[in-house]
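Below, each chain spelled out in residue letters.
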Amino acid sequence: MPDTQQDGYMTADGRRIGPVVMEMRNITLRFGGVVAIKDISFDIREGEIRAIIGPNGAGKSSMLNVISGFYKPQEGEVIYKGARRPPMKPYQVARDGIARTFQNIALFEGMTVLDNVMTGRLNHMRSGLLGQAFWWAGAQKEEVANREVAEKVIDFLEIQNIRKTPVSRLPYGLKKRVELARALAAEPKILLLDEPMAGMNVEEKEDMCRFILDVNDEFGTTIALIEHDMGVVMDLSDRVVVMDYGKKIGDGTPDEVRANQEVIDAYLGVAHD
Ligand SMILES: Nc1ncnc2c1ncn2[C@@H]1O[C@H](COP(=O)(O)OP(=O)(O)OP(=O)(O)O)[C@@H](O)[C@H]1O
């Protein structure tokens, strides 16, 4: 069983999964009287693709927002890189190595693909306006280095031919890919994907699937995602957390989760006591 192997393990397809990089401990999140997350614990290992699934309203987005630091749970703690993560602003979490994409694309539509991807480098830029005025050579060097990372990501995701195109002119599937490029440009330790396939046709889904796998393989990026398409989730993920009505009802490999009766019932809509 992978979970008993502290230092990590090798997957059947030869990928190395490392030790735990983030741990959610007894997380409870309420919105007034609504309990969106009820006492949930699970971990994310270095280099793995970890999915969070569940029916509508199960609490998946809320959980992703806890991981990204956007929501502060009323109870429980997030252990990141071996220490309890203090309450942080989202930009501080981003600086600490967590990048994300959004369910509803959040790009600057009037800007080119390259400029959008460059915004993913903001957390790596040391020089502000004053810096650029008084530290010109350094600022220029930094700009070149940031551009190199952005261009590398653009090549990797095969969007070179649209790098100068304004995002507003792109079809939906490509916009999603640009969003992925922007998140990757931040060189995150953990990449959070919020329904990366939502609204895509079959071909776009296949492309996105391949890019997610390639990113994980090439850069060793740890990926946590929420996704409605069960086929995609089961194909992509190393381990899956299943939520229902804010509770965790399953956690394991795709095969384990598929065989879990509580999970089957939740998806078939079996009544709860
Ligand atoms: N900002 C909010 N204010 C009040 N209630 C909220 C808020 N966000 C989520 N909720 C409630 O928390 C519960 C979990 O919602 P959440 O969006 O996390 O579920 P989900 O699994 O992501 O759903 P979906 O698959 O439909 O996106 C729901 O009952 C929802 O109405």
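As the structure is a prediction and not an experimental result, all values here were calculated from the model.

Enquirer: Outline the overall build of the protein chain, listing residues and values.
Expert: Of the regular secondary structure elements, the protein chain holds ten helices and twelve strands. Its C-alpha atoms give the protein chain a radius of gyration of 19 Å, near enough to 19 Å, the size a compact globule of 273 residues would have. For the protein chain, buried positions account for 37% of its 273 residues. A separation threshold of at least 6 residues defines the contact pool for the protein chain, and within that pool the share at least 24 residues apart is 68%.

Enquirer: Mind laying out the confidence of the model for the protein chain, listing which residues take part and the relevant values?
Expert: Averaged over all residues, the pLDDT of the protein chain is 89; the fraction at 70 or higher stands at 90%. Scored as a complex, the prediction yields pTM 0.88 and ipTM 0.96.

Enquirer: Break down the pairing of strand S12 (residues 247-252) for me, citing the residues and quoting the values.
Expert: As paired elements, strand S11 (residues 239-244) and S12 share five bridges and run antiparallel to each other. Counterpart to Val241 in the pairing with S12 is Asp251.

Enquirer: Outline the sheet that holds S12, listing residues and values.
Expert: Reading across from one edge, S8-S9-S10-S5-S11-S12 is the order of the six strands in this open sheet, with mixed pairing throughout. Strand pairing shows two members of the sheet lacking a second neighbour, strand S8 (98-100) and S12, which therefore form its edges. Strand-to-strand twist of the sheet, defined as the mean angle between neighbouring strand axes without regard to direction, takes the value 20°. Note that strand S9 (residues 190-194) and strand S10 (residues 222-226) share five bridges and pair parallel.

Enquirer: Give me the packing of helix H6 (residues 172-185) against helix H7 (residues 202-219): which residues, what numbers.
Expert: Across the interface, H6 lies against H7 with an axial gap of 10 Å and an inter-helix angle of 15°. Our classification of the angle between H6 and H7 gives roughly parallel. Read as a crossing pair, H6 and H7 show a hand that is right-handed. Taking contact as the criterion, the partners of Gly173, Lys176, Arg177, Leu180 and Leu184 in H6 are, on H7, Glu204, Asp207, Met208, Phe211 and Val215. Of the residues assigned to the contact of H6 with H7, the class counts are five nonpolar, one polar and four charged.

Enquirer: Let's hear about the pairing of strand S4 (residues 34-45): which residues, and what values?
Expert: Across eight bridges, the pairing between strand S3 (residues 20-31) and S4 is antiparallel. Paired with Glu23 across the two strands is Asp43, which belongs to S4. Counting the residues in the hairpin turn of S3 and S4 gives two residues, including Gly32, whose phi is positive at 60°.

Enquirer: If you had to explain the site of the ligand to someone new, which residues and values would you point to?
Expert: Close to the ligand lie Phe31, Val34, Ala36, Gly54, Asn56, Gly57, Ala58, Gly59, Lys60, Ser61 and Ser62. With three residues, the single largest contributor to the shell around the ligand is helix H1 (residues 60-67). Looking at side-chain class alone, the shell around the ligand contains four nonpolar, six polar and one charged residues.

Enquirer: If you had to explain the nonpolar core to someone new, which residues and values would you point to?
Expert: Across soluble globular proteins, nonpolar side chains have a tendency to be buried as a group. If you look at the biggest cluster of nonpolar residues, it comprises 63 residues, and the most contacted ones within it are Ile52, Val117, Val153, Ala181, Leu192 and Ala224. Sorting elements by how many residues they give to this core places H6 first, with six residues. If we skip the residues at most four places from it in the chain, Ile52 touches Lys60, Met63, Leu64, Ala224, Ile226, Val241 and Met243.

Enquirer: Lay out the environment of Ile27 with the relevant residues and their values.
Expert: Mapped onto the secondary structure, Ile27 falls in strand S3. Residues Ile27 and Glu75, 48 residues apart in the sequence, show an inter-C-alpha distance of 5.5 Å. Beyond its immediate sequence surroundings of up to four residues, Ile27 is in contact with Ile37, Ile40, Val66, Pro73 and Gly76.

Criteria and thresholds
- Numbering of residues starts from 1 in each chain and follows the order in which that chain's sequence is written.
- In keeping with the model being predicted, local features are shown solely for residues with a pLDDT of at least 70 and side-chain atom pairs are shown and tallied solely at 80 or more, while totals for entire chains, interfaces and linings include all residues.
- Numbering of helices and strands starts at the N terminus; helices are DSSP runs of H or I of at least 4 residues and strands are runs of E of at least 2.
- Atoms considered for the radius of gyration are the C-alpha atoms alone. The globule rule reads 2.2 Å times the number of residues to the power 0.38.
- For every residue, the other C-beta atoms within 10 Å of its own C-beta are counted; 20 or more classify it as buried, 12 or fewer as exposed, and values in between as partly exposed. C-beta atoms are placed from the backbone.
- This entry defines residue contacts through backbone-placed C-beta atoms, with two residues in contact when those atoms are within 7 Å.
- Per residue, pLDDT measures the predictor's confidence, with a range of 0 to 100.
- Paired strands, in this sense, are two strands between which DSSP finds at least two bridges.
- Note on method: axes are straight lines fitted to C-alpha atoms, helices fitted across the in-contact stretch only, with angles between N-to-C directions ranging 0 to 180 degrees.
- Angles below 35 degrees are treated as roughly parallel, those above 145 as roughly antiparallel, those between 65 and 115 as roughly perpendicular, and all remaining angles as oblique.
- By convention the crossing between two helices is left-handed if the near helix lies anticlockwise of the far one by an angle smaller than a right angle, and right-handed if it lies clockwise.
- When residue character is reported, Ala, Val, Leu, Ile, Met, Phe, Trp, Tyr, Cys and Pro are called nonpolar, Asp, Glu, Lys and Arg charged, and the others, Gly included, polar.
- Residue proximity rests on one test: whether the C-beta atom, placed from the backbone, lies within 6 Å of the molecule or strand.
- We define a nonpolar core as a collection of buried residues of the types Ala, Val, Leu, Ile, Met, Phe, Trp, Tyr and Cys that are connected via C-beta atoms lying within 7 Å of each other.

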